[in-house]
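# Reading the structure
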Amino acid sequence: MLLRRVTEHVNDQNWFAVALDFVIVVAGVFIGLQVSQWNEDAQTQRALEQAKNRLEAERLSNLELTETFLTDVAARLERAAGAIEVLRTCEADEASMQIVNDGLNQIRGTATLKLRMTALSAITQNSAFLSLMDEPEREQVKELERALTQ
């Protein structure tokens, strides 16, 4: 229909109508592209908010893991300190030997803390998310990532 109207205007040499049809088409395409961009930006913003919510849940989980780790390490150190005390007194009875063995078992191996970084990585590796953040927030997220990877 539009093509037929344009063809009639060209045949009639009605250049004003041709130009008007052209402007209408260009304006329609521009508006369509702009609405599409707004929709994409809104979806990205919603995805960023969801990622921030996941990051907060991950942060709370990491705090809980850290507290559990510290409690475990403190208990292991207490048993090891008991073994050191028995060794200092040079007691050689069966109960003392059991305390020393328990203390040695507690300090064997390496205690490690593995924090979760899935949500943080999802934010820091997404350039669309980073572009929606202001500079201080972006730096804060990058610094958190640096701290957790060390």
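Look up: the structure comes first, before these words.
Rules used in this analysis
Residues numbered from 1 in each chain as written. Predicted model: local features only at pLDDT ≥ 70, side-chain atom pairs only at ≥ 80, totals over all residues. Heavy atoms only, no water. Helix = DSSP H or I, 4+ residues; strand = E, 2+ residues; numbered from the N terminus. Expected span 1.5 Å × (residues − 1). Buried < 20%, exposed > 50% of the residue type's maximum accessible area, 1.4 Å probe, protein only. Arc of directions from axis to C-beta. Contact = heavy atoms within 4.5 Å. Salt bridge = Lys/Arg side-chain N within 4 Å of Asp/Glu carboxyl O.

Turning next to helix 3 (residues 94–107). Spanning 14 residues, helix 3 covers 20 Å between terminal C-alpha atoms, matching the ideal 20 Å at 1.5 Å per step. Regarding helix 3, the residues found buried are S96, V100, G103 and Q106. Along the axis of helix 3, the buried residues cluster in a sector spanning 125 degrees; they form a single face. What points out from helix 3, more than 90 degrees from its buried face, is the exposed set E94 and Q98. Packing partners of the buried residues in helix 3 comprise helix 2 (15–89). Just beyond helix 3, the residue with positive phi is G109, at close to 80 degrees.

Our focus in this paragraph is the side chain of T124. Take T124: it is sitting in helix 4 (residues 118–124). On the accessibility criterion, T124 (6% relative accessible area) is buried. With residues up to four places along the chain from it excluded, the contact list for T124 reads L130, V141, K142 and E145.

This brings us to the pattern of salt bridges. Per the counting criterion, the structure on display carries five salt bridges. Close ionic contact of E137 with K52 constitutes a salt bridge, the shortest N to O distance being 2.7 Å. Here E137, found in helix 6 (residues 135–149), pairs with K52, found in helix 2; they are 85 residues apart in sequence, far enough to count as distant. Since its relative accessible area comes to 24%, K52 is described here as partly exposed. With a closest N to O distance of 3.0 Å, E143 and R146 form a salt bridge. Here R146 and E143 lie together in helix 6, a separation of three residues that amounts to about one turn. Residue E143 is classed as partly exposed on the basis of its relative accessible area of 44%. Taking relative accessible area as the criterion, R146 reaches 41% and is therefore assigned partly exposed.

By themselves these figures say nothing about function.
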